[in-house]
Amino acid sequence: MAHQWRGVIREYADRLPVTEATKVITLGEGGTPLVHAQKLSELTGSTVYLKVEGMNPTGSFKDRGMTMAMTAAVEAGAKAVVCASTGNTSASAAAYATAAGLKCAVLVPEGKISMGKLSQAIAHGATLLQVDGNFDNCLDIARKLGDSYPVFLVNSVNPARIQGQKTGAFEIVDALGDAPDIHVLPVGNAGNISAYWKGYKEYSAPFESATAGTLPAVSTKTPAMWGFQAAGAAPFVAGHPITEPDTIATAIRIGNPASWDTAIAARDESGGFIEAVTDEEILDAHRWLSAKEGVFVEPGSAAGVAGLIKKHAAGEVPTGKTIVITVTGHGLKDPQWALRTEDGSEVQPVKVPNDVVTVASELGLEEN
Ligand code: F0G
């Protein structure tokens, strides 16, 4: 009989802070494809996979954490939730709040979130406020609202979010049979690198389950975590927060990451690093993914791929290894970048008359 994926909470219930009595708020998130990246594998001489998180219900990895956060909100008796966002968290919060029957308020930096993400929050009925400030300012306000007003904070400073997001690591190990050697991903507010590291660590040792006793280790090792930030928004590379972060990759336009310490721990305990890639490198990787691998992502999501390509060019990617790159959000979130050529000009679709001979000639086809 066909098996319907039940969302990350039900699939990994024994490794999450839930019980049989928990009322689960889910839209069926997780269970995303681990796609063999043929061209990146050929390029590097390692076996490279893409964890395609754009396939989640709202088109980004945020849904993994949001199912947990919204479940916790309902459990806490909340009536309303709030988050700050560069766009994907707000889209996810709005959808999951709808599923939970809760009110949702989202704070986004004015003019700095993509049209797709803005439409999602509006479509799901969230109250969207554009703040005259950047993401870090929005998160400040959201935290204060959560502390002093009757609203439940669903940003990744809420540990429920990290719990949900760690399931990405579980799925990768379950698919590969062991942990990869290297895990590559973009870093913004740094929740995801923290969550993946937590997931990999928990799967590599016996785990004290709240409901199922001691679970055996699933993997024999943990990967090195390679994080990449946009060069104009790279506080981990600078070693301190940045006050005016800037990048075309609006998803990761963040100067003061909330999960600072856990991201540093993920980097150092795993033997990895967090480095930067330029906007041009991000856009090149964005084009590489869509044109060579068949995977369409939003620019911020391409930062990990940009980093791998850059490291390879520097001769710093080992061969014969297994490498997983999380591509975090769907290309349709922010499609305008696909319509830009390498030299920055707009792609103009060719117009043709309603006539097969002209169409064939335009396509370079000769009649049989
Ligand atoms: N990729 C995408 C597509 C994102 O939307 C984000 C973060 C990241 C990567 C970075 O992940 O913050 O866990 O290090 N987006 C947040 C938001 C900030 O509001 O949607 P992180």
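Residues numbered from 1 in each chain as written. Predicted model: local features only at pLDDT ≥ 70, side-chain atom pairs only at ≥ 80, totals over all residues. Heavy atoms only, no water.

**A short note on the overall build of the chain**
Here comes step 1: A tally of regular secondary structure across the chain gives 14 helices and 12 strands.
Here comes step 2: Here the C-alpha radius of gyration of the chain, 21 Å, is about what a compact globule of 368 residues would show, namely 21 Å.
Here comes step 3: With the C-alpha coordinates aligned to their principal axes, the bounding extent of the chain is approximately 65 × 55 × 45 Å.
Here comes step 4: A buried classification covers 53% of the 368 residues belonging to the chain. (Helix = DSSP H or I, 4+ residues; strand = E, 2+ residues; numbered from the N terminus. Rg over C-alpha atoms; globule rule 2.2 N^0.38 Å. Buried < 20%, exposed > 50% of the residue type's maximum accessible area, 1.4 Å probe, protein only.)

**Points about the environment of E362**
Here comes step 1: Here E362 is to be found in helix α14 (residues 356-362).
Here comes step 2: Between the C-alpha atom of E362 and that of V352, which follows or precedes it by 10 residues, the distance is 8.2 Å.
Here comes step 3: Residues within four places of E362 in sequence aside, it is in contact with V350 and V352. (Contact = heavy atoms within 4.5 Å.)

**A look at the pattern of salt bridges**
Here comes step 1: Counted according to the given criterion, the structure contains 16 salt bridges.
Here comes step 2: Across the pair K166 and E202 runs a salt bridge whose closest N-O atoms are separated by 2.8 Å. With K166 in the loop between α7 (159-165) and α8 (167-176) and E202 in helix α9 (residues 191-203), the pair connects residues that are 36 residues apart, well separated along the chain.
Here comes step 3: Exposure remark for K166: the relative accessible area of 1% places this residue in the buried category. (Salt bridge = Lys/Arg side-chain N within 4 Å of Asp/Glu carboxyl O.)

**Let's talk about the pairing of strand β11 (residues 273-277)**
Here comes step 1: Of all 5 residues in β11, 4 are buried, a share of seventy percent or more.
Here comes step 2: By the bridge criterion, 5 bridges tie strand β10 (residues 224-230) to β11 in an arrangement that is parallel. When the sheet's bridge partners are listed, Q229 is paired in β11 with A276. (Pairing = 2+ DSSP bridges.)

**Quick word on the sheet that holds strand β3 (residues 80-84)**
Here comes step 1: Taking strand neighbours across the sheet as the criterion, the 4 strands line up as β5-β4-β3-β6 in an open arrangement whose pairing is parallel. Edge positions in the open sheet fall to β5 (127-131) and β6 (152-153), since each of these has one partner strand only.
Here comes step 2: Sheet topology places β3 next to β6; 2 bridges connect them, and they run parallel. Paired with V81 across the strands is F152, a residue of β6.

**Quick notes on the pairing of β10**
Here comes step 1: Among the 7 residues in β10, 7 count as buried, and that is most of the element.
Here comes step 2: Side-chain alternation along β10 places A224, W226, F228 and A230 on one buried face and M225, G227 and Q229 on a second face that is also buried.
Here comes step 3: Summarising the sheet, strand β7 (residues 182-186) and β10 pair through 5 bridges and their orientation is parallel. By the bridge assignment, L185 is partnered in β10 with G227.

**A short note on the site of the ligand**
Here comes step 1: Near the ligand, the surroundings consist of 19 residues, among which S85, G188, N189, A190 and T328 are the closest.
Here comes step 2: At 2.8 Å from an oxygen atom of the ligand is found a main-chain nitrogen or oxygen belonging to T86.
Here comes step 3: Take T328: an N or O atom from its side chain is 2.6 Å from a nitrogen atom of the ligand.
Here comes step 4: When the ligand sits alone it has 470 Å² of accessible area, and the protein chains cover 99% of it.
Here comes step 5: Those elements that provide at least two residues to the shell around the ligand are α4 (88-100) and α9.
Here comes step 6: Considered class by class, the residues forming the shell around the ligand number 6 nonpolar, 11 polar and 2 charged. (Near = heavy atom within 4 Å. Polar contact = N/O pair within 3.5 Å; in protein donor to acceptor, adjacent residues only side chain to side chain. Areas by Shrake-Rupley, 256 points an atom, 1.4 Å probe, with all protein chains shown as cover. Nonpolar A, V, L, I, M, F, W, Y, C, P; charged D, E, K, R; others polar.)

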